[in-house]
Amino acid sequence: MILLNDVKKSYRTGKEKHGVLNGVTLTIKEGEMVAVMGRSGVGKSTLLYILAGLEKPSDGSFVFNDLNIGNLSSSEAANWRKRHVGFVLQNHALIEEKTVFENMALPLRYSSKSKIEIVERVAYLLKELGLENQGDKYPRQLSGGQSQRVAIGRALANNPDLILADEPTGSLDEETEATILNIFKKVNKQGKTFILVTHDESVAKVCDRTVKMKDGLIIEI
Ligand SMILES: Nc1ncnc2c1ncn2[C@@H]1O[C@H](COP(=O)(O)OP(=O)(O)OP(=O)(O)O)[C@@H](O)[C@H]1O
Ligand SMILES: [Mg+2]
C-alpha cells in the first residue's frame, strides 16, 4: 500500500522558492496499475522521484507498507529502493561502458545473486523484451527503442514490488509499445504495483486508473 499524504516539494533557486508539488494526497493499493498524466512541468517526474525514495518530501509523508520513507536516512532509502523499487527513468540512463547484459544484470549483482541466477534471469528478460542476440552490445549500438527496453529489463530484473516508469514507451513504435504494455500487464498480474507517467492515452487505457496533475496538484482521479 502506498500512502501519499499532503506531499509538498519545493526547490530553492537563489532566493526564490518554487513549489513543484503543492499537496499531493493519493492512495495506491498493492497490485494496482496507475497512469499519471499532465502537461510538461507539472511535477510528474518529481512525484516519481519521491515514490522511488530518491527525493524526500519537503512536507507531508510517503508511506510504503507502513514504512515512512521520508524518515529514512539516504543509505536506508537506497537499501529500501534496491529491494522494492524498479525505476525506468525518463532518459534511459544506461551505463555506456557496460554491455546490455551487464546493464540488466546490475540490480542482480547489487543484491548478490549467484552467477547462474543472473544469467538465467537476464536471458529470460532479453527474450521477453525481444532483445535476444543484443546482450553483448553496448548502449551506443542500440536504437532508442532498444535502449528503452534494456532500461525496462533492468527495472524488472530484481522482481521489485513497485515499478515506476517515466514515459516508458515514449520513443517506441506502436508494435513495440504494445509488446511493452503486454509485458507490464503480465508483471502487474503477478501482483506488482505499477505507476506510469505517460502522455499516451493508449498507455493510460491499459491501466486501472488515471491520475491527472496540474500545477503540482492532483486535479482528477
Ligand atoms: N532538482 C530540481 N531543482 C530545481 N527545480 C527542479 C528540480 N527538479 C525539477 N524541478 C522543476 O520542477 C518542475 C517540475 O518538474 P518535473 O520534472 O517533475 O516535471 P514533469 O511533469 O515530469 O515534466 P515533463 O513532462 O516535461 O517531464 C519544473 O519546473 C522543473 O524545472
Ligand atoms: Mg518528467
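See above for the structure.
Treat the numbers as computed from the prediction; the structure is a model and nothing was measured.

*Asks:* Let's hear about the overall build of the protein chain: which residues, and what values?
*Replies:* Within the protein chain one finds 7 helices and 10 strands. A compact globule built from 221 residues should have a C-alpha radius of gyration of about 17 Å, and the protein chain, at 17 Å, falls within 12% of that. Counting only C-alpha atoms and orienting by the principal axes, one finds that the protein chain spans roughly 50 × 35 × 35 Å. Relative to its full complement of 221 residues, the protein chain shows a buried share of 48%.

*Asks:* Please give an account of the nonpolar core that cites residues and values.
*Replies:* M104, L129, L156, F194 and L196 are the most contacted members of the largest nonpolar core, which has 35 residues in total. Residue assignment for this core shows that the elements contributing at least two residues are β3 (33–37), α3 (100–110), α4 (115–128), α5 (144–156), β7 (162–166), α6 (174–189), β8 (193–197) and α7 (201–206). Residues in contact with L129, not counting those within four places in the same chain, are M104, R149, I152, G153, I180 and I183. Ranked by size, the runner-up nonpolar core spans 29 residues in total, among them L47, I69, L162 and V211.

*Asks:* Lay out the packing of α3 against α5 in plain terms, naming residues and giving numbers.
*Replies:* Running from N to C, α3 and α5 cross one another at 30°; their axes reach a closest spacing of 7 Å. When the axis of α3 is compared with that of α5, the two are roughly parallel. Seen from above, α3 lies across α5 with right-handed handedness. On α5, the residues touching V100, N103, M104 and P107 of α3 are R149, V150, G153 and R154. For the contact of α3 with α5, the class distribution of residues is 4 nonpolar, 2 polar and 2 charged.

*Asks:* Break down the pattern of salt bridges for me, citing the residues and quoting the values.
*Replies:* Here the structure, examined in full by the defined rule, presents 5 salt bridges. Taking the shortest distance from any N to any O, the salt bridge between K9 and E55 comes out at 3.2 Å. Separated by 46 residues along the polypeptide, K9 in strand β1 (residues 2–13) and E55 in the loop between α1 (44–51) and β4 (59–64) bring together distant segments of the chain. When its relative accessible area of 9% is taken as the criterion, K9 is described as buried.

*Asks:* I'd like a rundown of the site of ligand 1, residues and numbers included.
*Replies:* The full set close to ligand 1 counts 13 residues, and S40, G41, K44, S45 and T46 are the nearest of them. Here G43 contributes a backbone N or O atom positioned 3.0 Å from an oxygen atom of ligand 1. Note that an oxygen atom of ligand 1 is positioned 2.6 Å from one of the side-chain N or O atoms of T46. Notes on ligand 1: free accessible area 640 Å², of which the protein chains cover 63%.

*Asks:* Please set out the sheet that holds β3 residue by residue, giving values where relevant.
*Replies:* Ordered in space as β6-β7-β8-β3-β9-β10, the 6 strands form an open sheet in which the pairing is mixed. Both outer strands of the open sheet, β6 (85–88) and β10 (217–220), are each paired with one neighbouring strand and no more. The mean inter-strand angle of the sheet, taken between neighbouring strand axes irrespective of direction, is 25°. The pairing of β3 with strand β9 (residues 209–214) spans 4 bridges and is parallel. Its bridge partner being in β9, V36 is matched across the sheet by V211.

Conventions we followed
- Residues numbered from 1 in each chain as written.
- Chains lettered and ligands numbered in written order.
- Predicted model: local features only at pLDDT ≥ 70, side-chain atom pairs only at ≥ 80, totals over all residues.
- Heavy atoms only, no water.
- Helix = DSSP H or I, 4+ residues; strand = E, 2+ residues; numbered from the N terminus.
- Rg over C-alpha atoms; globule rule 2.2 N^0.38 Å.
- Buried < 20%, exposed > 50% of the residue type's maximum accessible area, 1.4 Å probe, protein only.
- Core = buried A, V, L, I, M, F, W, Y, C linked by side-chain atoms within 4.5 Å.
- Contact = heavy atoms within 4.5 Å.
- Axes fitted to C-alpha atoms, helices over the stretch in contact; angles between N-to-C directions.
- Parallel < 35°, antiparallel > 145°, perpendicular 65-115°, else oblique.
- Left-handed = near helix turned anticlockwise from the far one by under 90°.
- Nonpolar A, V, L, I, M, F, W, Y, C, P; charged D, E, K, R; others polar.
- Salt bridge = Lys/Arg side-chain N within 4 Å of Asp/Glu carboxyl O.
- Near = heavy atom within 4 Å.
- Polar contact = N/O pair within 3.5 Å; in protein donor to acceptor, adjacent residues only side chain to side chain.
- Areas by Shrake-Rupley, 256 points an atom, 1.4 Å probe, with all protein chains shown as cover.
- Pairing = 2+ DSSP bridges.

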